[in-house]
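The residues making up each chain are set out below.
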Amino acid sequence: MSAPTIPAPTASVAPARRARVGKRRTSEAARKQRRRNSLLALLAWVIGLIFVAPIVWMVLTSLHSEANAATNPPSLFAPLTLQSYANFFGSASGASPWPPLINSAIISVLATLVVLVLSIPAAYSLSIRPVRKWSDAMFFFLTTKMLPMVAGLLPIYLIAKALGMLDTLGLMIILYSAMNLPIAIWMMRSFLAEIPVELVEAASVDGASLLLTFRRIILPLASPGIVATSLICFIFSWNELLFANVLTSTSSYTAPVFLTSFVTSEGLFLSKVCAASIVISLPVLIAGFAAQDKLVQGLSLGAVK
Amino acid sequence: MPTMKRKHLRAVAGLAVATATLVALAGCSGAGGSGGSGGSADGSGSTIRVLMVNNPQMVDLQKLTNDNFTKKTGIKVKYTVLPEDSLRAKASQEFSAQAGQYDVATISNYEVPFYSTNGWLLSLSDNVAKDSKFDQSDILKPIQDALTGSDGKVYAEPFYGESSMLYYRKDVFAKQGLTMPANPTWAQVADLAKKLNDVEPGMAGICLRGQPGWGQNIAPLTTVVNTMGGTWFDKNWNAEVDKDGFATAANFYVNLVKNYGEKGAAQAGYTECLNDLTQGKAAMWYDATAAAGSLEASDSPVAGKIGYAAAPVDKTKNSGWLYSWAWGIEKASKNATAAEKFIEWASGPDYAKQAAKAYGWAQVPPGTRTSLYENADYQKSAAAFYKQVENAIKSADPENPGVQKRPAPGIQFVAIPEFANLGTDASQQISDAIAGKTTVDAALKSIQTEAQKVGDTYKKKQK
């Protein structure tokens, strides 16, 4: 066993040294690589902490009393209390947070569905079976995002007033669908463009109709993209404040509008607002976590292109 | 292929159902329930919608509504509560468009003069003010006058009212052997501020608002301007900002706060100054009378140590401001009867008792009714300051706050819609002057130009 491993005394000296030097070199390179990796890991941690810090601060503030939340320097180790959460659920004002949360949920879910129903066929006709001048169409969609939102606010307010649609869920659903549609079409197009056209052609050779191809081939392949797009649309609709503040009043007001109601110019409010922000962010966080796998797939799918 | 056709049909049907749902939803109101609705002739069974500023006493009212109003009258109330700046934006949009989304809104004596002239408000003279149970004569006169339109009709009823006064630390004064005159002049106050600055570690001589905002530093500054003989506009709408009176006052104010004022004065507003005085970081503070309740609250470390003096003066006899959050009814409201009932309750003589029962007399909205200042329970709980507040409000005169005639009412503001922008621009420059980023003279020069532009539009209207 051992005989073949004994090196020949003359011929093996140089290669052995070379190998040693080489080993040293590779181990040095590996050490360098490791050092670089650990530096990068440290950097990633620092950046991660910087991103998480405001949220941790928000959670901590929401658990402090108003007086402790307002001190400067911040009193990090003050006793914890759930008073601000009780306040959010109406202990001080008697106002229930459920109507705005339900309104936000209805508006965001339906607006997202409308966007999907319209953007997937549109993206199909811009990528898999591109219509003539499809790039002009894409650019047109993009231009609709170039007008500052606030410029459209007054005309929309007046139109909604004339149509008797102020303070209705339908108005907000239509608006949020329209706002998110261009982004959704752009996103869906980049996802659908990843699907090989040959697959679609093969399906049609086998006699599948357009709808069947859509259901059996395109939707399954594009599902990570669809999840990513829906989540973006849902988040945008859920978080929108400017239009909701102006166009809704007592019936269809959304969660962000309700959130602003905790701000006051006479007295302390930091803790209350933090508690409200956390509760209102929860649905989006939950949706994000639930869709995490698909989301990562979806985001990288678009990124490759 | 029949199956294909059926599938197509199914898809088309599905789309049709979805569209129909959307169209149906378009007219549907949200989980907040349907909007305002009429009930019987006395308003019972109807729902009114109220747009309200988020101040602590309003939140108390919201909580008290069901037991004390809805159960007795059968009128439901739906509130939208917003912070002050959002509320003003929303109210002006709502009232100018007469959109009918709200029946009642909190407006102040800043809005009432031009809202009423523009015909956006329902007059309360015919019903609310005539109701003997409501007792209009009980309302403090300066407050009522400030909520009356130029046609002599009452357009809003006060929820609470305030003036301004000077707070000082009695214990610190005693330790230093100083006394505060009952009616101090600004020269005396400046002298005291100099003596008191840094007598205790971290203690400023005086706290004055420096934070930008027409409702922030411009409010106290304008009262100083008034008493030092200045004004924003003379009676013919000529801007007077770079003239003697205004310039003297602005230089005095900025120098006082720069030399003996609080730390970070350029960003300190009502809340910051209240914190400073509570935490022993200021010996004096000139601000709204509304702060007295917080300073004397049971958990306040300075309770019992605060003295109260009238707003400091110079050329006028008094200089305190006048402010009131009040209820006004939108002219386009379809529930005027129910809305009037709501105001009769919220501004009525019994509300103070109901609020006191739930939250104690110290938390009752003050500054609106003579009867409150005659109430023994209130006198007891507000013993330290109620007289000073009552006197301050009673001596305020929004029509004639300075040494010359004015073209529009208002003490700490000019009650024209343009003042919100003008005042906010000006406040930014004053704040910059306090921070040392610009000089007072340069700031006044630029404010003068802006003010004259506003004045010119009114000159044209006069012609």
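Residues numbered from 1 in each chain as written. Chains lettered and ligands numbered in written order. Predicted model: local features only at pLDDT ≥ 70, side-chain atom pairs only at ≥ 80, totals over all residues. Heavy atoms only, no water.

Novice: So what's going on with the sheet that holds strand 1 (residues 47-53) of chain B? Which residues, and what values?
Specialist: All names here are of chain B. The 5 strands lie next to each other as 2-1-3-8-4, forming an open sheet whose pairing is mixed. Edge strands, defined here as strands with exactly one partner in the open sheet, are strand 2 (76-82) and strand 4 (157-162). Taken over all neighbouring pairs, the strand axes of this sheet differ in orientation by 20° on average, direction set aside. With 7 bridges connecting them, strand 1 and strand 2 associate as parallel partners. By the bridge assignment, M52 is partnered in strand 2 with V81. (Pairing = 2+ DSSP bridges. Helix = DSSP H or I, 4+ residues; strand = E, 2+ residues; numbered from the N terminus. Axes fitted to C-alpha atoms, helices over the stretch in contact; angles between N-to-C directions.)

Novice: Can you explain the nonpolar core? Please cite residues and give values.
Specialist: Counting 144 residues, the largest nonpolar core has B:W232, B:M284 and B:F342 as the members making the most contacts within it. Ranked by residues supplied to this core, first place goes to helix 9 (residues 244-260) of chain B with 8 residues. Counting residues domain by domain, this core receives three or more from each of domain 1 (47-155 + 323-381) and domain 2 (164-322 + 401-462) of chain B. In this structure, B:F342 is in contact with B:I48, B:V50, B:L61, B:F69, B:V77, B:Y79, B:V104 and B:W327, ignoring residues within four places of it in sequence. A:Y85, A:V114, A:F234 and A:A276 belong to the second largest nonpolar core, which has 38 residues in total. (Core = buried A, V, L, I, M, F, W, Y, C linked by side-chain atoms within 4.5 Å. Buried < 20%, exposed > 50% of the residue type's maximum accessible area, 1.4 Å probe, protein only. Domains from an automatic or database assignment. Contact = heavy atoms within 4.5 Å.)

Novice: Go over empty space enclosed by the protein, please, and point to the residues and values.
Specialist: Overall, the coordinates contain 2 cavities of 30 Å³ or more when judged by the stated rule. The space that makes up the largest cavity amounts to roughly 90 Å³. What lines the largest cavity is a set of 13 residues, and nearest its centre among them are B:T231, B:R406, B:A408, B:F413 and B:V414. For the lining of the largest cavity, the class distribution of residues is 8 nonpolar, 4 polar and 1 charged. When its volume is computed, the second largest cavity comes out at roughly 50 Å³. If you trace the second largest cavity, you find it lined by A:Y157, A:L166, A:V246, A:L247, A:T248, A:S249, B:K90, B:Q93, B:E94, B:Q101 and B:Y102. Of all the elements in the fold, those that place two or more residues in the lining of the second largest cavity are helix 10 (242-247) of chain A together with helix 3 (84-97) of chain B. Here the element with the most residues in the lining of the second largest cavity is helix 3 of chain B; it accounts for 3 residues. Counted by class, the lining of the second largest cavity contains 5 nonpolar, 4 polar and 2 charged residues. (1 Å grid on protein atoms, 1.4 Å probe; cavity = no way out; pocket = protein on both sides within 12 Å on 5 of 7 lines; lining within 4 Å. Points joined across faces, edges and corners; volume = space filled by probe spheres on them. Nonpolar A, V, L, I, M, F, W, Y, C, P; charged D, E, K, R; others polar.)

Novice: Talk me through the domain arrangement of chain A; I want residue IDs and the actual numbers.
Specialist: Residues and elements named next belong to chain A. Domain boundaries assigned for chain A yield domain 1 (3-62) and domain 2 (97-304). Tallying the contact residues gives 5 residues for domain 1 and 6 residues for domain 2. Summed over both sides, the interface of domain 1 with domain 2 buries roughly 470 Å², with 83% coming from carbon and sulfur. The largest contributions to the domain 1 side of the interface with domain 2 come from M58, T61 and S62, which together make up 81% of the buried area. Counting across the domain 1 and domain 2 interface gives 0 salt bridges. Summed over the shared surface of domain 1 and domain 2, the number is 1 residue pair in polar contact (both at pLDDT 80 or more). Its residues placed into classes, the side of domain 1 that touches domain 2 shows 3 nonpolar, 2 polar and no charged. (Buried area = accessible area lost by both parts, 1.4 Å probe. Salt bridge = Lys/Arg side-chain N within 4 Å of Asp/Glu carboxyl O. Polar contact = N/O pair within 3.5 Å; in protein donor to acceptor, adjacent residues only side chain to side chain.)

Novice: Mind laying out the interface of chain B and chain A, listing which residues take part and the relevant values?
Specialist: If you look at the interface, chain B gives 45 residues, while chain A gives 42 residues. Roughly 3,300 Å² of surface becomes buried between chain B and chain A when both sides are summed, with 56% attributable to carbon and sulfur atoms. For the interface between chain B and chain A, the tally reads 0 salt bridges. Taken together, the connections running from chain B to chain A amount to 11 residue pairs in polar contact (both at pLDDT 80 or more). If you list the elements that add at least two residues to the side of chain B that touches chain A, you get helix 1 (2-26), helix 2 (56-73), strand 2, helix 3, strand 4 and helix 10 (270-278) of chain B. Per-element tally for the side of chain B that touches chain A: the top contributor is helix 1 of chain B, with 8 residues.

Novice: Can you break down a positive patch on the surface residue by residue, with the values?
Specialist: On the surface, A:R31, A:K32, A:R34, A:R35 and A:R36 cluster together to form a positively charged patch. Relative to the helices and strands, A:R36 is located in helix 1 (residues 13-62). (Patch = residues over 30% accessible without salt bridge, like charges linked within 9 Å, V, L, I, M, F, W, Y side chains within 5 Å. Areas by Shrake-Rupley, 256 points an atom, 1.4 Å probe, with all protein chains shown as cover. Lys, Arg positive; Asp, Glu negative; His and termini not counted. Charge placed at Lys NZ, Arg CZ, Asp CG, Glu CD.)

Novice: So, the confidence of the model for chain A: which residues are in play, and what are the values?
Specialist: Residues and elements named next belong to chain A. For chain A, the average pLDDT comes to 87, and 89% of its residues sit at 70 or higher. Ranking the helices and strands of chain A by mean pLDDT puts helix 4 (residues 98-127) first, with 95, and helix 13 (residues 292-304) last, with 67. In the model, residues 1-11 has pLDDT below 50 throughout and makes 1 contact with residues more than four positions away in sequence or in other chains. (pLDDT = per-residue confidence, 0-100.)

Novice: Can you break down the packing of helix 5 (residues 134-143) of chain A against helix 7 (residues 169-192) of chain A residue by residue, with the values?
Specialist: Residue and element names in this part refer to chain A. For the pair helix 5 and helix 7, interaxial distance at closest approach is 8 Å and the crossing angle is 140°. One way to sum up the angle between helix 5 and helix 7 is to call them oblique. Considering the relative orientation of helix 5 and helix 7, their crossing is left-handed. Where helix 5 approaches helix 7, its residues W134, M138, F141 and L142 are matched on the opposing element by P182, I185, W186 and R189. A per-class count over the contact of helix 5 with helix 7 returns 7 nonpolar, no polar and 1 charged. (Parallel < 35°, antiparallel > 145°, perpendicular 65-115°, else oblique. Left-handed = near helix turned anticlockwise from the far one by under 90°.)

Novice: Tell me about the pairing of strand 4 of chain B, and please be specific about residues and values.
Specialist: All names here are of chain B. In terms of burial, strand 4 is largely enclosed, as 6 of its 6 residues are buried. Relative to strand 8 (residues 323-329), strand 4 runs antiparallel, the two being bridged by 5 bridges. Across the sheet, the residue bridging to P158 is A326, located in strand 8.

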